[in-house]
Amino acid sequence: MQDKKLTILAIGAHIGDMELTAGGVLATHSLKGDSIVTLALTAGEKGAPAGRDVQDYRAQKVREAETFAAMLGGRSIVFDYPDGELPDNDEVRFKVCDVIREVQPNVIITHFKNSMHKDHMNTHKIVTDARFYAGNPFFERKHPPYFAPKLYFAENWEDAVDFKPYLYIDVTEGFELWQKAAATHWFVTGSKFFPYLEYYNHLSRVRGIEARRGRAQCFAIPPETMKEVRESL
């Protein structure tokens, strides 16, 4: 039984990354009354449909992020970095640090370390360092220091190399809400490149079967946290 309300901060390289890979968890926790915040470091605007103005599509993506978050009773934040050009530097790290300090999440969810997309890999490094910066009192920022106790890495078809599921979360309760909210993103249902909604729909069922549940989403955790301490066998 969950005793207190949680705040979950899901940080993706692009709008839609966390909405798909962690959306079931976000929706399920929103139904429990927890606070949901999504942060996209870029809008993902270079996935625009053929013939569509990229900046116009970016504005649409931002609206889609806001709609998804609103359907979960949460809020969305989108940085201004161009899609495909997310820098791997301390400027971004401190911007993410500031969001972590402001939001004070109990849980941060982001990308796994390996990916076919450099924005995803940069996001993994940025978030990992930003979490440290946020918790260090000797980095003076607008908000006081705060260390997020839990960090999880979402399962993503683009980040699959060496990804090993460690944590299974039952998302059966929030599955319907997640599917409706995710479908408000054009690329989720309209892309001819990859059947996103179908893939993550079926994946949640496969992971649910493995977990002996209806639906589930999986996460990896930092290797240094893979410790189980007992008094005896």
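Refer to the structure above for everything that follows.
How each quantity is defined
- Numbering of residues begins from 1 in every chain and follows the order in which that chain's sequence is written.
- Where totals are concerned, whole chains, interfaces and linings use all residues; where local detail is concerned, this predicted model gives features only for residues with pLDDT of at least 70, and gives and counts side-chain atom pairs only at 80 or more.
- Processing note: side-chain calculations cover all non-hydrogen atoms of the structure and skip hydrogens and water entirely.
- To qualify as a helix, a DSSP run of H or I must reach at least 4 residues; to qualify as a strand, a run of E must reach at least 2; elements of each kind are numbered from the N terminus.
- The reference for a compact globule is 2.2 Å times residues^0.38; the radius of gyration itself is calculated from the C-alpha atoms.
- Residue burial is assigned from relative accessible area. The probe radius is 1.4 Å, only protein chains are included, and a residue is buried under 20% of its type maximum, exposed over 50%, and partly exposed in between.
- What makes two residues a contact is simply this: any of their non-hydrogen atoms within 4.5 Å.
- Methods summary: accessible areas were calculated by the Shrake-Rupley approach with a probe of 1.4 Å, and residue burial reflects only the protein chains presented.
- Here, a salt bridge means any side-chain nitrogen of Lys or Arg that lies within 4 Å of a carboxyl oxygen of Asp or Glu.
- Within 6.5 Å between ring centres, the rings of Phe, Tyr and Trp (the latter by its six-membered ring) count as paired, and their orientation is classed by plane angle as stacked under 30 degrees, edge-to-face over 60, tilted in between.
- In this scheme, the term charge over a ring applies when either NZ of a lysine or CZ of an arginine sits within 6 Å of the ring centre and within 35 degrees of the ring normal.
- If DSSP finds at least two bridges between two strands, the strands pair.
- Fitting a line to C-alpha atoms yields each axis, with helices limited to the stretch in contact; the angle taken between N-to-C directions then spans 0 to 180 degrees.
- What sets the label is the angle itself: under 35 degrees gives roughly parallel, over 145 gives roughly antiparallel, 65 to 115 gives roughly perpendicular, and the rest give oblique.
- Here a crossing is called left-handed whenever its near helix is offset anticlockwise from the far helix by less than a right angle, and right-handed whenever the offset is clockwise.
- Here the term charged refers only to Asp, Glu, Lys and Arg, the term nonpolar to Ala, Val, Leu, Ile, Met, Phe, Trp, Tyr, Cys and Pro, and the term polar to all other amino acids, Gly among them.
- Any pair of nitrogen or oxygen atoms within 3.5 Å is treated as a polar contact; in protein, a donor-acceptor pairing is required on top of that, and neighbouring residues in sequence qualify only through side-chain atoms on both sides.
- The definition of a nonpolar core used throughout is a set of buried Ala, Val, Leu, Ile, Met, Phe, Trp, Tyr and Cys residues joined through side-chain atoms within 4.5 Å.

*Asks:* I'd like a rundown of the overall build of the chain, residues and numbers included.
*Replies:* Scanning the chain from N- to C-terminus turns up eight helices and seven strands. For a compact globule of 233 residues, the expected C-alpha radius of gyration is about 17 Å, and the chain comes in at 17 Å, within 12% of that figure. For the chain, with 233 residues in total, the buried portion stands at 52%. Considering only residue pairs separated by 6 or more positions, the chain has 78% of its internal contacts joining residues 24 or more positions apart. Element-wise, carbon and sulfur atoms account for 54% of the exposed surface of the chain, whose accessible area totals about 11,600 Å².

*Asks:* Outline the pattern of salt bridges, supporting the account with residue identities and numerical values.
*Replies:* Throughout the structure, instances matching the rule amount to 15 salt bridges. Two residues, Glu173 and Lys32, come together in a salt bridge whose shortest N-O distance is 3.5 Å. Taken together, the positions of Glu173 in the loop between strand S6 (167–170) and helix H6 (175–182) and Lys32 in the loop between helix H2 (23–31) and strand S2 (35–42) put the pair 141 residues apart, joining distant regions of the chain. Judged by its relative accessible area of 46%, Glu173 is partly exposed. With a closest N to O distance of 2.5 Å, Arg207 and Glu155 form a salt bridge.

*Asks:* Break down the packing of aromatic side chains for me, with residues and values.
*Replies:* For the coordinates displayed, the defined rule picks out 16 aromatic pairs. When the ring centre of Phe79 is taken as reference, the NZ or CZ atom of Lys95 above it lies at 4.4 Å. Just above the ring of Phe175 sits the side chain of Arg215; from NZ or CZ to the centre is 3.9 Å.

*Asks:* Before we move on, could you go through the pairing of strand S7 (residues 216–220) and cite the residues and values that matter?
*Replies:* Within S7, five of the five residues are buried, leaving the element largely enclosed by the surrounding structure. Alternating positions in S7 separate into two faces, Ala216, Cys218 and Ala220 on one and Gln217 and Phe219 on the other, with burial throughout. When strand S5 (residues 150–154) meets S7, the two strands line up antiparallel, connected through two bridges. The residue of S7 that forms the bridge with Ala154 is Phe219. Alignment of S6 against S7, held across four bridges, turns out to be antiparallel. When the bridges of S7 are listed, Asp170 appears paired with Ala216.

*Asks:* Account for the packing of helix H4 (residues 90–103) against helix H5 (residues 118–135), with residues named and values stated.
*Replies:* Interaxial distance between H4 and H5 falls to 8 Å at its minimum, and their mutual angle equals 55 degrees. As summarised for this structure, H4 and H5 are arranged oblique, according to the angle between their axes. Note that H4 runs across H5; the crossing there is right-handed. Packed against H4, whose contacting residues are Asp90, Val92, Arg93, Phe94, Val96, Cys97, Ile100 and Arg101, the element H5 presents Lys125, Ile126, Asp129, Ala130, Arg131, Tyr133 and Ala134 at the interface. Residues of the contact of H4 with H5, tallied by class, amount to nine nonpolar, no polar and six charged.

*Asks:* Any chance you could break down the side chain of Arg207 for me, citing the residues and the numbers?
*Replies:* Among the structural elements, Arg207 can be located in helix H8 (residues 196–210). For Arg207, a relative accessible area of 13% corresponds to the buried category. Here Glu210 takes part through its side chain, which lies 2.8 Å from a polar atom of the side chain of Arg207. Setting aside residues up to four positions removed in sequence, Arg207 forms contacts with Glu155, Pro165, Tyr168, Ala216 and Cys218.

*Asks:* Residue-level account of the nonpolar core, with values.
*Replies:* Counting 32 residues, the largest nonpolar core has Leu26, Leu72 and Ile109 as its most contacted members. The dominant element in this core, judged by the number of residues it contributes, is H6, at five residues. Look past the residues within four positions of Ile109 in its chain and what remains in contact with it is Ile8, Leu9, Ala10, Ile11, Met18, Ala22, Tyr152, Ala154 and Phe219. Within the second largest apolar cluster, 29 residues are counted, among which are Phe79, Phe94, Cys97 and Ala134.

Limitation: the analysis is restricted to geometry and does not speak to function.
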